[in-house]
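Coordinate inspection notes
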Amino acid sequence: MEHPENDHEFHALQVNEGTSDKPMINPYMKDFKRFKKKTYTVNEYVEGILKGNISLLSQAVTLVESSKYEHQSTAQEIIEKCLPYSGNSLRVGLTGVPGAGKSTSIDSFGMYLLENKPNDKLAVLAIDPSSEVSKGSILGDKTRMERLSVAKNAFIRPSPSAGSLGGVARKTRETIILCEAAGYNKIIIETVGVGQSETAVHSMVDFFLLIQLAGTGDELQGIKRGIMEMADGIIINKADGDNLEKAKLAQAHFRNALHLFPLPESGWSPKVLLYSGYYGTGIKEIWDMVDDYVNFTHKNGYFNHRRNEQSKYWMYETINEQLKSKFYNNPEVQSELKNCEYQVLNSQISSFIAAKKVLNTYFKE
Ligand code: GDP
């Protein structure tokens, strides 16, 4: 038989019908409700949060943390509606260098609280300055708090990871409001004690705890004076086994050092206590100290005064943050900044003139 290619009607190039591709997504999947992310209205979020629904609370926190404009505006509406139900928790800040035992301690503090006060609900939030650089979070991770992460009345949320420290801290402060509306009456905010983040945490808590470790007698070295001045209580961890004597020595050192500071505005003299987060000793004394402080500052009016000052601080912080972001995202400013930066680097104009030029672009003076 003649070869088909010899036929003059034969086309070497032809399109075969072929087989159709398998769909990328299993068509049956779309029938599964759980694979569809349901979107909620602001009122649904608020109702869920007020009922203590953890899933809705988590999703609302995700909106707070999102940098998308539409998420932000929904988040702000939710926050506003939750605001009247907030404010009734005790907010405790906890800071310490990596390895000081923050997660071990929070696990123990939290379990103590939940076991002894069955009506309490505890939220653990974090402000992690490392996230700005690494985009990862080293704090507030559920796996670091083994018992608390499976406890019924505990809500653990890692640090928001995007943005500047100011932005991250603002998001945490907004998350506090949502947690309070969801009935969390104890809130621990953890931060790693290495930089500016302590100031941010201090500006949103009622009681600020500093975790220290016993060292070789020179433990006061390397601790910034500012951080010690912020502390309402210093707690020395790992006061167990062979370490106990050293811990006692450190306690004496810290007590002496605190005597050198003037009495804080609260009128409360910060205490120095020993404990072991790992073995769970000394935990009751720490919560008793926090309770004493709350009673003391409620009586002398400082508790409310501090909260008011914090609200004022956050108003200004938010203004500063918004101004900065509007300014730096303005296209005219961005191009003028480039020009001026070039001129400054080539010694053509001074930094001050350059700054004035860029500012004038925005404020059109
Ligand atoms: P973080 O980085 O501050 O959160 O510290 P971790 O809680 O992860 O603790 C760091 C290390 O110290 C871990 O190996 C803990 O087991 C250990 N540790 C924490 N608390 C205690 C304690 O009370 N006693 C002893 N001996 N070790 C502890």
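Residues numbered from 1 in each chain as written. Predicted model: local features only at pLDDT ≥ 70, side-chain atom pairs only at ≥ 80, totals over all residues. Heavy atoms only, no water.

1. Details of the environment of Met228
Within the secondary structure, Met228 is located in helix α8 (residues 225-230). Met228 gets classed as buried once you look at its relative accessible area, which sits at 5%. For the pair formed by Met228 and Leu258, sequence separation is 30 residues and the distance between their alpha carbons is 8.0 Å. (Helix = DSSP H or I, 4+ residues; strand = E, 2+ residues; numbered from the N terminus. Buried < 20%, exposed > 50% of the residue type's maximum accessible area, 1.4 Å probe, protein only.)

2. Points about the side chain of Glu180
With respect to the helices and strands, the residue Glu180 is situated in helix α6 (residues 165-181). Assessed through its relative accessible area of 3%, Glu180 is described here as buried. Only 2.6 Å separates the side chain of Glu180 from the side chain of Ser89, close enough to count as a polar contact. Not counting chain neighbours up to four residues away, the residues in contact with Glu180 comprise Tyr85, Ser86, Gly87, Asn88, Ser89, Arg91 and Ile187. (Polar contact = N/O pair within 3.5 Å; in protein donor to acceptor, adjacent residues only side chain to side chain. Contact = heavy atoms within 4.5 Å.)

3. Comments concerning the confidence of the model for the protein chain
Averaged over every residue, the pLDDT of the protein chain is 86; residues scoring 70 or more account for 83%. Confidence scores differ between elements of the protein chain, with helix α5 (residues 130-134) showing the lowest mean pLDDT of 57 and helix α10 (residues 283-300) the highest of 97. (pLDDT = per-residue confidence, 0-100.)

4. A look at the environment of Tyr45
Looking at where Tyr45 falls in the secondary structure, it is placed in helix α1 (residues 42-50). Overall, Tyr45 belongs to the buried group, its relative accessible area being 7%. Distance from Tyr45 to Cys82, taken between C-alpha atoms, is 9.8 Å for residues 37 residues apart in sequence.

5. Structural notes on the packing of aromatic side chains
Evaluation of the coordinates by the stated rule reveals eleven aromatic pairs. Consider the rings of Phe327 and Tyr328, whose centres lie 5.0 Å apart with planes at 85°: the pair is edge-to-face. Residue classification places Tyr328 among the partly exposed residues on the basis of a relative accessible area of 44%. Lying across the ring of Tyr184, Lys121 places its NZ or CZ 4.4 Å from the centre. Positioned above the aromatic ring of Trp268, the side-chain terminus of Lys271 is 4.2 Å from the ring centre. (Phe/Tyr/Trp six-rings, centres within 6.5 Å; stacked < 30°, edge-to-face > 60°. Lys NZ or Arg CZ within 6 Å of the ring centre and 35° of its normal.)

6. Examining the packing of helix α4 (residues 102-116) against α10
One can describe the packing of α4 onto α10 by two numbers: an axis separation of 10 Å at closest approach and a directional angle of 75°. The angle between α4 and α10 places the two elements in the roughly perpendicular class. Here Ser108, Phe109, Tyr112 and Leu113 of α4 come into contact with α10, specifically with Ile283, Lys284, Ile286 and Trp287. Residues that form the contact of α4 with α10 fall into these classes: six nonpolar, one polar and one charged. (Axes fitted to C-alpha atoms, helices over the stretch in contact; angles between N-to-C directions. Parallel < 35°, antiparallel > 145°, perpendicular 65-115°, else oblique. Nonpolar A, V, L, I, M, F, W, Y, C, P; charged D, E, K, R; others polar.)

7. Here we look at the sheet that holds strand β5 (residues 207-213)
Pairing in this open sheet of seven strands is parallel, and the strands run β3-β2-β4-β1-β5-β6-β7 from one edge to the other. At either end of the open sheet lies a strand with only one pairing partner, and these are β3 (154-156) and β7 (271-274). When the angles between neighbouring strand axes are averaged without regard to direction, this sheet yields 20°. As judged from the four bridges shared by strand β6 (residues 233-237) and β7, these two strands associate in the parallel manner. Following the sheet pairing, Ile235 is matched in β7 by Leu273. Docked against the sheet, helix α9 (residues 244-259) engages β5, β6 and β7, running at close to 175° with respect to β7. (Pairing = 2+ DSSP bridges.)

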